[in-house]
Amino acid sequence: MPGPAGDGPGGEPHPLSQFILKVHGRCDLSCDHCYVYEHADQSWRTKPKAMSRDIARAAARRIAEHAAAWRLPQVRVVLHGGEPLLLGPARMDELLSQVRAPIEAVTRLTLMMQTNGVRFNPEMGDVLRKHGVRVGVSLDGYRAANDRHRRFANGAGSFDQVRAALTLLRSPDYRELFAGILCTIDIRNSPERVYEALLAERPPQVDFLLPHATWDSPPLRLGDDPTPYATWLSAIHRRWLADGRPMRIRLFDGLHSTANGGPSGSEQLGADSVDMVVIETDGQYEQADSVKTAYDGAPATGLSVLTHTVDDVSRLAPIALRQNGVRDLSAICRECPVLQQCAGGLYAHRFRTGSGFDNPSAYCADLRVLIDRTNEESRLHGAGVKPEDTSAVLTGLVAQIASGFGDEATISWLAEQQLAVTRALVSAAIDQHGPAAGWDALVEVENADPAAVRRVLAHPYVRAWAVGLLRAGAEPERLSYVGGLAAAAAVHAGVPVETDVRIERGVVVLPTAGTLYWPDEVTAPARISVDQGKLWLSGPDRVITVDLAQPGATAVWRPARHLTLGGWGVRLEDSDPARDCHGWTPAAPLDEHTAGQWRDTLAEAWRLIVTELPEYAPAMRTALRVITPLRQDPAGTPRADTAADAFGSVAAALTGPAELAILLVEEFQQAKVNALLDLCDLYDSEPGARITVGWQPEPSPVEAVLPRVHAHAAVADVWRRRIGSDPRAPEMYAKHHGWTVDATAALRRSNALTPLGVDFVDRMADAVESWDS
């Protein structure tokens, strides 16, 4: 592990204006997410319980000397812990007098305190008011959310005591002290309920804190969402805008400011310099407490107020580099398009054994997606799009899809939103794991022909690749996928480009354009060039050339199989390695005979959809762009699947046209709801709600039931329309209709749906009930 900060090289001194005084080193709560007591650094065990009078005087003297020497117009001192209120009113009064006198003699002093609030009472309030100390209180939301972590040693929750403190702080006697609420995020808590609970306390400001994590101890992630913290915070951001910004939320205020070139006002995000140092109970100078999450001894400097000046601390490399803005960030961060807004996130979250803090944040993907989403929502707000207008758009979207269909305009808009999410995830993946082969080439092609890159990024499996990379890590074969995207975009644009790719078992895939075949089944890095209608692939011992002007497949090149079927343009995808994101194994690359079978079967299935199910056709024609063949079930059972991270694709095993028509409709219905869930909160994100449904023996989570019940409603509709022409229809209709009716009733009883979710289920149920009438 790295040594103390004092081991780093010295440099020129810098002015520091923020000082965290650890006035008490113990706490009356036993929060399991606390970075002071529960994370890697355990130095609290060797420190005094409370700051002595001598240390307090020495700290105040050092701060005053520094402020005078640098002629600082203001100094900010934050009383911290542990729990500072454990000091008690009398000792707190004495300490504040000791701190104020020398500092206020040379500059203006702002005093703050961060507390859990448990011991806040009128006597302590009077002391803090006397000295002008503003108070921030930690509260994680509603009772269950707060008491998930903020508990006493005996396991009892602290919610009631904290609420009592907040009530006292809102009273006329102490309202002037109330600085705001600090809320640590837990994605298992409902963001809407957390927001409402905090809003009910009428705070001047709320500060949302990502739970401290590193690359060695990554943040909690649940389910399939690759960016759950972005999802959680985005839900609150939308609600906050819709409510007219009723309180300041520092994270969102900072993102809005940095989007326009302003400061962030926070060390969590943005390129503001961090001119802060901690003074521990024993007088030791330390880096920010958050660094304690990295490794034991991480915040130590080896310097003390008894022996060293603040200038001495400011010279230390870890302190000095945090005043350099983005200059000393990792190379990956410096190449990121949202550099000025993100600036690598919180310093502590960048740690990884071996490379120290020279990395992007462990929350890199979440931060990139959050910034993109917040910027877009802010742009709409600035353009005069009112929150109620946005709400009306979402309500209209829900109504269109819940009906079972969705017109071309609605589904086209939905596809655009999916493309925006894909772009953000690709950028986040590169930010987190780059530099990737082909990234510069992709940017080069986009500068020449944005439509060509758009065409490639709209490929459903680009998002699946990015999500897989964010979850699994940066293996070379995964990163080389970008080179194939760049080459494919260059083929579409007809512009020259050269980039690195990877031959994987004799194959190089250019998604949406075609597949290159190396003469041997080797796996090796390679170089691809596109120019003047030709491809050159330089591998281990030779170069192969493809003339793109020559139609059809050759021994070394097979163009992508684009089909036009009665107004529906679709592509058979049997090569892209990222297609392996479905619940079944993809089929091997198709020979020409099997590809012909697929073409004929799809043509007839599409004819049946257009004639039997015309209301479903516009949505499918608009957004279903890829069919991925699956390996056949040995028993002959039809197989099909849609992946939440591959909107615009359906995977299926080859079957008869009538069966395939049902499978395509069924799976695309799920895809529409999955895409809707990217934009709308249809269910309470706090996990736990499970319901019993007819098609699944075990109780299923609400978020899994919503897409499936929508699909079963469509299948019931198909069989309803086939009654009289197919002897199986009455039985199949009864089964799927029954599953749909029972599942919608269970969803209504679950109390897990948001108002928009209730509207979605009600509209779907109304459509199904209309069949009976």
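One numbering rule holds for all chains: residues counted from 1, following each sequence as written. For this predicted model, a pLDDT threshold of at least 70 governs which residues receive local features, and a threshold of 80 or more governs which side-chain atom pairs are given and counted, while totals over whole chains, interfaces and linings are taken from all residues. To obtain the side-chain values, all non-hydrogen atoms of the structure were used and water was disregarded.

**A short note on the confidence of the model for the chain**
Per-residue confidence from the prediction method is given by pLDDT, with values spanning 0 to 100. Confidence in the prediction for the chain averages 89 pLDDT; 95% of positions are at 70 or higher. Per-residue pLDDT stays below 50 along residues 1-9; that stretch engages in 18 contacts with residues further than four places along the chain or on separate chains. Should any heavy atoms of two residues lie within 4.5 Å, those residues are counted as being in contact.

**Focus on helix α16 (residues 439-448)**
With a 1.4 Å probe rolled over the protein chains alone, any residue whose accessible area is under 20% of its type maximum counts as buried; one over 50% counts as exposed, and the rest are partly exposed. In this text, helices come from DSSP runs of H or I with a minimum length of four residues, and strands from runs of E with a minimum of two, each type numbered from the N-terminal end. If you check which residues of α16 are buried, you get Trp-439, Ala-441, Leu-442 and Val-445. Projected onto a plane normal to the axis of α16, the buried residues spread over an arc of 160° and lie on a single side. Looking at α16, the residues exposed on the side facing more than 90 degrees away from the buried face are Asp-440, Asn-447 and Ala-448. Where the residues of α16 are buried, they touch α15 (408-433), α17 (450-457), α20 (481-493) and β11 (497-503). To obtain the arc, one takes the directions from the helix axis to the C-beta atoms.

**Points about the pattern of salt bridges**
One speaks of a salt bridge when a side-chain nitrogen belonging to Lys or Arg is within 4 Å of a carboxyl oxygen belonging to Asp or Glu. Scanning the model with the defined rule gives 53 salt bridges in all. Across the salt bridge formed by Glu-196 and Arg-239, the nearest N and O atoms sit 2.9 Å from each other. Taken as a pair, Glu-196 in helix α6 (residues 191-200) and Arg-239 in helix α7 (residues 228-242) lie far apart in primary sequence, 43 residues in all. You can call Glu-196 partly exposed: its relative accessible area is 38%. Two residues, Glu-612 and Arg-722, come together in a salt bridge whose shortest N-O distance is 3.1 Å. Of this pair, Glu-612 sits in helix α21 (residues 592-612) while Arg-722 is found in helix α24 (residues 702-722), placing the two residues 110 residues apart along the sequence. Looking at Glu-612, the relative accessible area reads 27%, which means it is partly exposed. For Arg-722, a relative accessible area of 4% corresponds to the buried category. Connected via shared salt-bridge partners are Asp-41, Lys-47, Glu-286 and Lys-292.

**As for the nonpolar core**
Nonpolar cores are built from buried Ala, Val, Leu, Ile, Met, Phe, Trp, Tyr and Cys residues. Side-chain atoms within 4.5 Å join them into one set. Counting 144 residues, the largest nonpolar core has Val-77, Leu-128, Phe-208, Leu-510 and Leu-537 as its most contacted members. Among the elements that make up this core, the one with the highest residue count is α20 (nine residues). When near neighbours in sequence (up to four residues on either side) are disregarded, Leu-128 contacts Met-92, Leu-96, Met-113, Phe-120, Val-133, Val-135 and Leu-177.

**Here's the deal with the sheet that holds strand β14 (residues 524-531)**
By the convention used here, strands pair only if DSSP detects at least 2 bridges between them. In spatial order, the strands read β11-β14-β15-β16; together these four strands make up an open sheet with antiparallel pairing. With partners counted over all chains shown, the strands left at the sheet margins are β11 and β16 (543-547), one partner each. Here the strands of the sheet are splayed against their neighbours by 20° on average, with no regard to which way each runs. Summarising the sheet, β11 and β14 pair through seven bridges and their orientation is antiparallel. Among the inter-strand pairings, Val-501 is bridged to a residue of β14, identified as Ala-526. The strands that α20 touches are β11, β14 and β15 (534-538); relative to β11, the one it contacts most, it runs at about 135°. Here the axes come from fitting lines to C-alpha atoms, over the contacting stretch only for helices, and the angles between their N-to-C directions go from 0 to 180 degrees.

**Some thoughts on the pairing of β15**
Residues of β15 alternate between two faces, with Leu-535 and Leu-537 buried on one and Lys-534, Trp-536 and Ser-538 left unburied on the opposite face. Counted between consecutive antiparallel strands, the loop separating β14 from β15 contains two residues, among which Gln-532 sits at a positive phi close to 50°. Judged from the five bridges that link them, β15 and β16 form a sheet pairing that is antiparallel. Pairing of Trp-536 across the sheet is with Thr-545, part of β16.

**With respect to helix α8 (residues 250-259)**
What sets the pattern is the α-helix's 3.6 residues per turn: residues three or four places apart point alike. Looking at α8, one finds that the buried residues are Leu-251, Phe-252, Gly-254, Leu-255, His-256 and Thr-258. Directly beyond the C-terminal end of α8, a positive phi value near 85° is found at Gly-261.

**Observations concerning unusual backbone geometry**
Here the bond from Gly-81 into Gly-82 is cis, since omega is 15°, no more than 30 degrees from zero. Examined against the element boundaries, Gly-82 turns out to sit in the loop between β2 (74-80) and α2 (89-104). The backbone phi angle of Arg-202 is positive, close to 50°, even though this residue is not glycine. Within the secondary structure layout, Arg-202 lies in the loop between α6 and β6 (205-209). Positive phi is not limited to glycine here, since Asn-751 has a value of about 60°. Structurally, Asn-751 can be placed in the loop between α25 (729-749) and α26 (755-772). A residue is classified by how much of its surface remains accessible, and Asn-751, at 72% relative accessible area, is exposed.

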